[in-house]
Amino acid sequence: METTASALHHCKFEVPEIIFGRGVLSQVGSCARRLGGKKVFLVSDEGLFSAGWVDQAMRSLLEAHLSFVYYDQVSPNPRDFEVEDGAREYIRHGADVIVGLGGGSAMDAAKGIATLVANGGRIRDYEGSDKIHRPLPPLVLCPTTCGTGSDVSQFAIINDSERRCKLTIMSRCVAPDISLTDPDTLETLPEEYICTTATDALSHALEAFFSVASTTLTDVNAVRALRLISRSFVKAVHEHRPEDLENLARASLHAGMAFSNSLLGIVHALAHPIGGLYDANHGSVNAVLLPEVIRYDLPVVTEKLPELAYGLGYAFPDDEKGAAEMVQETIEKLLDAAGAPRSLRSLGVAREDLPSLAQNALKDICIITSPRQADEKDLLSILERAY
Ligand SMILES: [Fe+2]
């Protein structure tokens, strides 16, 4: 596939060690052990405990002759105080390695705890880009949803409970040492979460692909993710077939590698303040915003549309207008067929909050790499169309 000349400039691509495959959760103990751990701080949640995955991870830790402390005080959209409590528990028990098992919430909480045990202070001290100065303890992240990408990314998103906003922490320090994906864990994920987390992966892939910081290496991963999502998203949601779930797990990984290196755009810049204010599901918010942001971005990304069309499984049409329409239509059909929510109103967003949400999105770090430079008016009009 051809790439643009600009994509070859300053190419830098960083990813953790990656282990992927059915049944690899049994290797989590040996991973923690070879990172030098003796006492593991295992972060997960109640849902995964009930589904039996926490038990499997614990068995693997014991088989590797490691002791562990289990911490499950993590909400969806993890709170600052949960991360701060977790750090105190880690220190109190003398743990020396962290394993995060779960969706974005458990993994981001693990990242936040690791940040605090090594650097002290409060989690809000690390908001923004490159604010972490001391290296984190060894970190193994095991995703159990099909979208977050947190297991390979340099982002951690934590809710500031006092200011009711999301703190975006961006640092190479929060990328884990090992990303371990066992697609079998998706088989107990409820349909609704397959839909919302795969929508998150779809947003990651598209935003990474359109990002002004995209490179050959991020593009190849974004396109691969899009191909897998277009092939398996709807079937995975409605039929729950293991091969489609595995494709979505793989797509999440590829999209994660892409966005961690090229960053994101307006969907995430708007999704963060909305998620912070309403405690809304991240994937659902993305599903609503994505079609409107694509409509806004398409006029400035026409030269990348052939590759995108290929990613979505089409031959490229002759004219750019046709390609843009095709991309727009494909994404909307995919979201509709998977049953994704389609309006901000249905997520409980109040119309009178739209202006302040647009203002806050301008301060989010994800806005920097948007292919089209948006001002407050543009963002407000995207929100109004998505309302
Ligand atoms: Fe996301």
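Residues numbered from 1 in each chain as written. Predicted model: local features only at pLDDT ≥ 70, side-chain atom pairs only at ≥ 80, totals over all residues.

Participant: Break down the nonpolar core for me, with residues and values.
Facilitator: Judged by nonpolar contacts, the single largest core of 131 residues is most densely connected at Ile113, Ala205, Ile229, Leu248 and Leu270. Counting the residues that make up this core, at least three belong to each of domain 1 (17-185) and domain 2 (190-386). Apart from the residues lying within four places of it in its own chain, the contact partners of Ile113 are Val43, Val83, Gly86, Ala87, Tyr90 and Ile98. (Core = buried A, V, L, I, M, F, W, Y, C linked by C-beta atoms within 7 Å. Buried ≥ 20, exposed ≤ 12 C-beta atoms within 10 Å, placed from the backbone. Domains from an automatic or database assignment. Contact = placed C-beta atoms within 7 Å.)

Participant: Can you explain the packing of helix H6 (residues 191-210) against helix H7 (residues 216-239)? Please cite residues and give values.
Facilitator: Two elements in contact, H6 and H7, have axes separated by 9 Å at closest approach and are oriented at 155°. Regarding the angle of H6 to H7, the classification is roughly antiparallel. Along this stretch, H6 crosses H7, giving a crossing that reads as left-handed. Contacts between H6 and H7 involve Glu191, Ile194, Cys195, Ala198, Ala201, Leu202, Ala205, Ala208 and Phe209 from the former and Thr218, Asp219, Ala222, Ala225, Leu226, Ile229, Phe233, Ala236 and Val237 from the latter. Here the contact of H6 with H7 is built from residues that sort into 15 nonpolar, one polar and two charged. (Axes fitted to C-alpha atoms, helices over the stretch in contact; angles between N-to-C directions. Helix = DSSP H or I, 4+ residues; strand = E, 2+ residues; numbered from the N terminus. Parallel < 35°, antiparallel > 145°, perpendicular 65-115°, else oblique. Left-handed = near helix turned anticlockwise from the far one by under 90°. Nonpolar A, V, L, I, M, F, W, Y, C, P; charged D, E, K, R; others polar.)

Participant: Break down the sheet that holds strand E4 (residues 97-102) for me, with residues and values.
Facilitator: Read from one edge of the open sheet, six strands run E1-E9-E6-E4-E2-E3, paired in parallel fashion. Each edge of the sheet is formed by a strand with only one pairing partner; in this case those strands are strand E1 (17-20) and strand E3 (67-71). On average, adjacent strands in this sheet sit at an angle of 20° to one another, irrespective of strand direction. Both E4 and strand E6 (residues 139-143) contribute to a ladder of five bridges, which runs parallel. Each residue of the ladder has a partner; that of Val99, found in E6, is Val140. (Pairing = 2+ DSSP bridges.)

Participant: Could you give an account of the domain arrangement of the protein chain, with specific residues and numbers?
Facilitator: Structurally, the protein chain comprises domain 1 (17-185) and domain 2 (190-386). Using only C-alpha atoms to locate each centre, domain 1 and domain 2 end up separated by 25 Å. Taken together, the 26 residues of domain 1 in the interface contact 30 residues of domain 2. Considering every element that reaches the side of domain 1 that touches domain 2, the biggest residue donor is strand E8 (residues 165-170), with four residues. Here the side of domain 1 that touches domain 2 is built from residues that sort into nine nonpolar, 14 polar and three charged.

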